[in-house]
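Here is what each chain is made of, one letter per residue.
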Protein chains: 2
Amino acid sequence: MAEQAADSPVRRRRGRPRKGESDARERILAAATEEFGENGYDGTTTRSIAARAGVDPASLHHHFGTKADLFAASIDAPLRPDIAVPEILAGPREHTGERIIAYILGVWESPTVRPKALVILRTGLGNKHAAPLMATFLRRELLERVAASLNLPDAGLRADLVASQVAGMIIARYVLQLPEIAAAPVDELVTRVGATVQRYLFDPA
Amino acid sequence: MAEQAADSPVRRRRGRPRKGESDARERILAAATEEFGENGYDGTTTRSIAARAGVDPASLHHHFGTKADLFAASIDAPLRPDIAVPEILAGPREHTGERIIAYILGVWESPTVRPKALVILRTGLGNKHAAPLMATFLRRELLERVAASLNLPDAGLRADLVASQVAGMIIARYVLQLPEIAAAPVDELVTRVGATVQRYLFDPA
């Protein structure tokens, strides 16, 4: 880690990393998800994550900064909303709600992504200190972009209502595993929940 | 604790307790909420709860049975859905969605109830073992009653969709505290989210 980028580690991670660096980043993110899952937010240290990833603590700090930055990055990793959200918002307006739900379910239905995403969600909701990080992530990556695309006086509340239904669907299906919503085909949820999201976005107040 | 009721502790707690018993029950429930909040579900024992409540462990088991029973009872305590849900479902059908949201927000807006309810919600969502208990509670107290009142082939999925929006609203407003939904007046949420619940319940599929 001889080189030092001029911009901060947090901003830096938004760009596409080079090859060798990308391996270390991925190992660190995987280790972070495991540590947060096993020991919770409070019981995890950047040192324990670095040890599990087999990297130097200095390398971890170079890539991710603080524990809070690392938790925020581990939320980002399975979703890459910086790529998806602009695409979703650019499509035909009358199906925006359905595209949002189809995208979210597409991510969560992936058997490689879901276990990691579940750990992050449990950590983010179960802990007083992690919840604001998850809220900041949602606001920055999803809600502000959705609201900006709406051009309505109550765009902020509309975006928050969308987030409430998306979060609730994920929790009901994957965390609480309520039987009927857990067993429902993806297409059925895209139609029914997508209609709710569509109304929150565009219906007259 | 000389007397032993014929029915189990778990069934027994559904009735109205007598005066002296009611104090012990309330102390135990308050202690349980504090212990779950401080130490999480895994870090809490019935022994630690009994010690904090100043009661004999045998008394705790008499009232509540196991740790899982006690967690389930601590979910019940702030809500008393056994009283509220039948009333909500009995009112005029065209405002059922609004009544559900008004009731839930009425409970959560109470400054004495909210801190306890938050602890229970964090514990229930943040822990692998507590989540099924919370799901069972929701199913037994809310979803099955709502579904039974609908008399539709997809009543179970409709009830789960209602639960997803209710859970998501609570999380967005009180756990993540997304700014616009956290600042919204209760009446505004009753109208907007109530309309979603109403559609999940009664709209043609």
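Described in the following lines is the structure provided in the data block. Note that the coordinates shown come from a computational prediction; the quantities given were computed from them, not determined experimentally. Residue indices follow the written sequence of each chain, beginning from 1 at its first position. As a convention, the first chain written is A and the first ligand written is 1, with the rest following in written order. For a predicted model such as this one, the threshold for reporting local features is a pLDDT of at least 70, and the threshold for listing and counting side-chain atom pairs is 80 or more; totals across whole chains, interfaces and linings nevertheless cover every residue. Heavy atoms from the whole structure form the basis of all side-chain values; hydrogens and water molecules are not counted.

### Quick look at the overall build of chain A
Reasoning step 1: Think of it this way: any DSSP run of H or I at least four residues long counts as a helix, any run of E at least two long counts as a strand, and we number them from the N terminus. Per the secondary structure count, chain A includes 12 helices and 0 strands.
Reasoning step 2: Seen in sequence order, chain A has helices and strands lined up from the N terminus as α-α-α-α-α-α-α-α-α-α-α-α.
Reasoning step 3: Each residue is assigned to one of three classes by its accessible area relative to the maximum for its type, calculated with a 1.4 Å probe on protein chains only: buried under 20%, partly exposed between the two thresholds, exposed over 50%. Burial analysis of chain A (205 residues in total) assigns 51% to the buried set.
Reasoning step 4: Restricting the contact set of chain A to residue pairs at least 6 apart, pairs at least 24 apart contribute 69%.
Reasoning step 5: Put simply, chain A shows about 9,200 Å² of open surface, and 56% of that area lies on carbon and sulfur atoms. By the convention used here, residues are in contact when the closest approach between their heavy atoms is within 4.5 Å. Calculation of accessible area relied on Shrake-Rupley with a 1.4 Å probe; when residues are assessed, cover is drawn exclusively from the protein chains displayed.

### Notes on the relation of the copies chain A and chain B
Reasoning step 1: With an RMSD of 0.0 Å, the fit of chain A onto chain B corresponds to turning through 180° and sliding 0.0 Å along the axis. What the superposition gives is, in effect, a two-fold axis relating one chain to the other.
Reasoning step 2: Comparing contact sets, 100% of the residues at the interface of chain A also lie at the interface in chain B, consistent with an isologous, same-surface contact. Superposing the copies works by least squares over the C-alpha atoms of residues that have pLDDT at least 70 in both of them.

### Observations regarding unusual backbone geometry
Reasoning step 1: Residue asparagine 151 of chain A is not a glycine yet carries a positive backbone phi of 60°.
Reasoning step 2: Tracing the chain through its elements places asparagine 151 of chain A in the loop between α9 (130–150) and α10 (155–175).

### Some remarks on the interface of chain A and chain B
Reasoning step 1: Across the boundary between the two partners, chain A contributes 39 residues, which contact 39 residues of chain B.
Reasoning step 2: When chain A packs against chain B, the two sides together hide about 3,300 Å² of surface, and 67% of this comes from carbon and sulfur.
Reasoning step 3: The salt bridge criterion pairs a side-chain nitrogen of Lys or Arg with a carboxyl oxygen of Asp or Glu, the two atoms within 4 Å. There are 2 salt bridges connecting chain A and chain B.
Reasoning step 4: Aspartate 154 of chain B is the partner of arginine 192 of chain A in a salt bridge, and the nearest nitrogen-oxygen pair spans 2.6 Å.
Reasoning step 5: Any N or O atom pair separated by 3.5 Å or less is treated as a polar contact, with the protein-specific requirement of one donor-capable and one acceptor-capable atom, and with residues adjacent in sequence counted only for side-chain atom pairs. Between chain A and chain B we count 14 residue pairs in polar contact (both at pLDDT 80 or more) in total.
Reasoning step 6: Elements with a contribution of two residues or more to the side of chain A that touches chain B: α8 (114–126), α9, α10, α11 (179–183) and α12 (186–202) of chain A.
Reasoning step 7: Per-element tally for the side of chain A that touches chain B: the top contributor is α10 of chain A, with 13 residues. Here the buried area means the combined drop in accessible surface, using a 1.4 Å probe, for two parts upon being joined, counting both sides.

### Section: the packing of aromatic side chains
Residue and element names in this part refer to chain A.
Reasoning step 1: Two rings belonging to Phe, Tyr or Trp (six-membered ring only in the last case) form a pair when the distance between their centres is within 6.5 Å. Interplanar angles under 30 degrees mark stacking, angles over 60 mark edge-to-face geometry, and anything in between is tilted. Taken as a whole, this structure holds 4 aromatic pairs over all chains when the rule is applied.
Reasoning step 2: On the numbers, 5.2 Å between centres and 85° between planes, the contact of phenylalanine 36 with phenylalanine 71 is edge-to-face. Within this pair, whereas phenylalanine 36 is found in helix α2 (residues 19–39), its partner phenylalanine 71 is found in helix α5 (residues 67–79), the two being separated by 35 residues in sequence. For the pair formed by phenylalanine 36 and phenylalanine 71, the shared burial category is buried.
Reasoning step 3: The interplanar angle of 20° and the centroid separation of 5.1 Å between the aromatic rings of tryptophan 108 and tyrosine 174 together place this pair among those described as stacked. Taken as a pair, tryptophan 108 in helix α7 (residues 96–109) and tyrosine 174 in helix α10 lie far apart in primary sequence, 66 residues in all. Side by side, tryptophan 108 and tyrosine 174 carry an identical accessibility label, which is buried.

### Let's talk about α9 of chain A
Residue and element names in this part refer to chain A.
Reasoning step 1: Between the first and last C-alpha of α9 there are 29 Å, a value that for 21 residues agrees with the 30 Å anticipated at 1.5 Å per step.
Reasoning step 2: By definition, a residue's bend is the angle between the axes fitted to the seven residues ending there and the seven starting there. In α9, a bend of some 45° at arginine 139 exceeds every other bend along the element.
Reasoning step 3: Along α9, the positions that sit buried rather than exposed are Ala130, Ala131, Met134, Ala135, Phe137, Leu138, Glu141, Leu142, Leu143, Val146, Ala147 and Leu150. Expected span of a helix: the number of residues minus one, times 1.5 Å.

### Quick word on the pattern of salt bridges
Reasoning step 1: Counted under the stated rule, the structure contains 14 salt bridges over all chains.
Reasoning step 2: Here glutamate 34 of chain B ties to arginine 52 of chain B by a salt bridge, and the two come within 2.8 Å at their closest N and O atoms. Separated by 18 residues along the polypeptide, glutamate 34 of chain B in helix α2 (residues 19–39) and arginine 52 of chain B in helix α3 (residues 46–53) bring together distant segments of the chain.
Reasoning step 3: The exposure class assigned to glutamate 34 of chain B is partly exposed, which follows from its relative accessible area of 40%.
Reasoning step 4: Across the pair aspartate 154 of chain B and arginine 158 of chain B runs a salt bridge, and its minimum N-O distance is 2.8 Å. In terms of burial, aspartate 154 of chain B and arginine 158 of chain B fall into one category: buried.
Reasoning step 5: Linked through salt bridges whose partners overlap, the residues forming this network are Asp154 and Arg158 of chain A together with Glu188 and Arg192 of chain B.

### So, the packing of α8 of chain A against α9 of chain A
Residue and element names in this part refer to chain A.
Reasoning step 1: Taken N-terminus to C-terminus, the directions of α8 and α9 make an angle of 115°; their axes are 6 Å apart at the nearest point. Of α9, the residues touching α8 (which contributes Ile120, Leu121, Thr123 and Gly124) are Ala130, Ala131 and Met134.
Reasoning step 2: Residue composition of the contact of α8 with α9, grouped by class: 5 nonpolar, 2 polar and no charged. Axis definition: a line fit to C-alpha positions, over the contact stretch in the case of helices; interaxial angles, taken between N-to-C directions, run 0 to 180 degrees. Lys, Arg, Asp and Glu make up the charged group, whereas Ala, Val, Leu, Ile, Met, Phe, Trp, Tyr, Cys and Pro make up the nonpolar group; the residues left over, Gly among them, are polar.

### Examining helix α10 (residues 155–175) of chain B
Reasoning step 1: With 21 residues, α10 of chain B should reach 30 Å at 1.5 Å per residue; the first-to-last C-alpha distance of 29 Å fits that figure.
Reasoning step 2: Of all 21 residues making up α10 of chain B, 21 are buried, and the element is well covered by its neighbours.

Any link to function would need more than the numbers given here.
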